[in-house]
Amino acid sequence: MTFKQLMELAMDELHRPLDAMTSADYQQRMMRFANEAIIDITGSFRPWRRDTLLVTSDKIALNQLPYKCQKVLSVDYNGERYPFYYGYNTDELIVKSIPDGEVNVTYRYIPPKLKSMTDVPQLPEFLHSLIVTYMVARERIQLDSVAQSGAKVNLSLYETLKRRYKISMDEPDSCNIYNQY
């Protein structure tokens, strides 16, 4: 879903019209709320990706990844995991005993912030409803006391849904046992 679609859903839940003037009034604030939700969801779910990078002289340049790397989880070459360590900075990974070529790097990433109406949150699609719930709750917090009690319900729903979704999203290999002999 694009940010525009997320905002339309939030405005519909708030029972506000979404004409050009209303959209202009709420766009910056809703975008800020959506980015707050993305940061919170990233902290809770710790999303991960697996991408292919090149090894050159036992070094992997992490700045070649499509997303900002928060933490490398594993390095695989031909289906086998290899030990690694960071180089002089966090943009360089050292992997010994691998010939030059392509490796799969599994890492936790930080999604980019939303900046325009056509941006899509770089999180799994099923988490986009959480962003809408958070946006509605944050908007209601700023209103009168009756609306603020509704915000408590929305924030409670947000936290409940986060806990439910967390069960289905985990780091790769976090629950596996590897026997090496």
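Before any of the text, the structure's been laid out above.
Read on for a plain summary of the structure. (Residues numbered from 1 in each chain as written. Predicted model: local features only at pLDDT ≥ 70, side-chain atom pairs only at ≥ 80, totals over all residues. Heavy atoms only, no water.)

### Some thoughts on the environment of Ile 41
- Mapping Ile 41 onto the fold places it in helix H2 (residues 20–45).
- As a C-alpha pair, Ile 41 and Leu 123 span 82 residues in sequence and 8.8 Å in three-dimensional space.
- Contacts of Ile 41, omitting those with residues within four sequence positions, involve Arg 46, Leu 123, Leu 127, Leu 130, Ile 131 and Tyr 158. (Helix = DSSP H or I, 4+ residues; strand = E, 2+ residues; numbered from the N terminus. Contact = heavy atoms within 4.5 Å.)

### A few points about the nonpolar core
- By size, the foremost hydrophobic cluster in this structure holds 44 residues, and its most contacted members are Met 30, Ile 60, Ile 131 and Met 135.
- Counting residues per element, the ones that place at least two in this core are helix H1 (3–13), H2, strand E1 (48–56), strand E3 (68–77), strand E7 (101–110), helix H3 (128–141) and helix H4 (145–168).
- Ranked by the residues each element gives to this core, the list is headed by H2, at nine residues.
- Those residues in contact with Ile 60 that lie beyond four places of it in its chain are Leu 53, Leu 54, Val 55, Val 75, Asp 91, Glu 92, Leu 93, Val 95, Val 103 and Val 105. (Core = buried A, V, L, I, M, F, W, Y, C linked by side-chain atoms within 4.5 Å. Buried < 20%, exposed > 50% of the residue type's maximum accessible area, 1.4 Å probe, protein only.)

### Considering H2
- Its 26 residues place the ends of H2 35 Å apart at the C-alpha level, agreeing with the 38 Å of an ideal helix rising 1.5 Å per residue.
- With its phi angle positive at about 45°, Arg 46 sits one or two positions after the end of H2. (Expected span 1.5 Å × (residues − 1).)

### A word on the pattern of salt bridges
- Applying the stated criterion to the full structure yields six salt bridges.
- Residue Lys 162 is joined to Glu 159 by a salt bridge in which the shortest nitrogen-to-oxygen separation is 3.5 Å. In this pair, Lys 162 and Glu 159 are both assigned in helix H4, three residues apart and thus about one turn of the helix distant.
- Accessibility expressed as a relative area gives 8% for Lys 162, which makes it buried.
- Connected through shared salt-bridge partners, Arg 16, Arg 29 and Glu 139 make up one network. (Salt bridge = Lys/Arg side-chain N within 4 Å of Asp/Glu carboxyl O.)

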